[in-house]
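Descriptive structure summary
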Amino acid sequence: MHLNQYMSHYDTAAKDRIPFGEKAAYGTGTLVLNLLPAALGIFAFFLITAFGVDPILAGLLGGLPRLFDAITDPIMGFITDNTKSRWGRRRPYIVVGAILSGTCFALLWQLDPANSQNYTFWYILLFSMALHHR
């Protein structure tokens, strides 16, 4: 039996179809969330070869911000759930977070190869934590 025999096509009603522009606009909101994890995989190569960062430290730069998020995300969720403002519960955090995310992302890549391994590690770690927890 072929898989096609088990799958049926569903026609979405015209009123329920989402225009491509709206899908693209929605999708760009997650772009910044995926830039750093994607970039760190490639950037680890440059950290190790050009900046002389120990591979273990370069690997920690991928995991430690996620651990930080695991602790702080529920706290921020509680804060936003209980925020009462004239702009809504989350909108003020989104606006401020967007500005901080752009700033932190730009600053994250301002490195000098002359800096020590420890300086480079802490610099990237702190800015990536700030970027992830906007």
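This write-up is about the structure you can find in this document. (Residues numbered from 1 in each chain as written. Predicted model: local features only at pLDDT ≥ 70, side-chain atom pairs only at ≥ 80, totals over all residues. Heavy atoms only, no water.)

So, the overall build of the protein
Cut-off, in case you're wondering: Runs of E in the DSSP output that reach at least two residues are strands. Runs of H or I that reach at least four are helices, and both are numbered from the N terminus. Exposure is judged per residue with a 1.4 Å probe applied to protein chains only, and the accessible area is read against the type maximum: over 50% gives exposed, under 20% gives buried, and values in between give partly exposed. Throughout, a contact is declared for two residues whenever any of their heavy atoms are within 4.5 Å. Only the protein chains shown count as cover for residues, and all accessible areas are computed by the Shrake-Rupley method using a 1.4 Å probe.
Secondary structure summary: the protein contains five helices and zero strands in total. Going residue by residue from the N terminus, the α and β elements of the protein occur as α-α-α-α-α. Looking at the protein as a whole, 22% of its 134 residues are labelled buried. In the protein, the proportion of contacts linking residues at least 24 apart, taken out of those at least 6 apart, comes to 65%. When the accessible surface of the protein is summed, it comes to about 9700 Å², and 67% of that surface belongs to carbon and sulfur atoms.

Points about the nonpolar core
Nonpolar side chains in soluble globular proteins generally cluster together in the buried interior. So the rule is basically this: Buried residues of nine kinds, namely Ala, Val, Leu, Ile, Met, Phe, Trp, Tyr and Cys, make up a nonpolar core once their side-chain atoms join them within 4.5 Å.
In this structure, L47, V53, L61, L111 and I124 are the most contacted members of the largest nonpolar core, which totals 17 residues. Where this core is concerned, the elements lending two or more residues are α2 (31-49), α3 (55-81), α4 (91-108) and α5 (117-132).

Re the side chain of S128
Note the following rule: Nitrogen and oxygen atoms within 3.5 Å of one another constitute a polar contact, given that in protein one can donate a hydrogen and the other can accept it, and given that sequence-neighbouring residues count only through two side-chain atoms.
By the element assignment, S128 lies in helix α5. Here S128 falls in the buried class, since its relative accessible area comes to 0%. One polar contact links the side chain of S128 to the main-chain carbonyl oxygen of L125, over a distance of 3.0 Å.

Some words on a nonpolar patch on the surface
Quick note on the threshold: Each patch is built from salt-bridge-free residues with over 30% relative accessible area, joining like charges within 9 Å and nonpolar side chains (Val, Leu, Ile, Met, Phe, Trp, Tyr) within 5 Å. For salt bridges, the criterion is a side-chain nitrogen of Lys or Arg within 4 Å of an Asp or Glu carboxyl oxygen.
On the surface, a cluster of nonpolar side chains totalling about 510 Å² of accessible area is made up of L67, I71, I75, F78 and I79. By the secondary structure assignment, I75 is in helix α3. Here I75 falls in the partly exposed class, since its relative accessible area comes to 49%.

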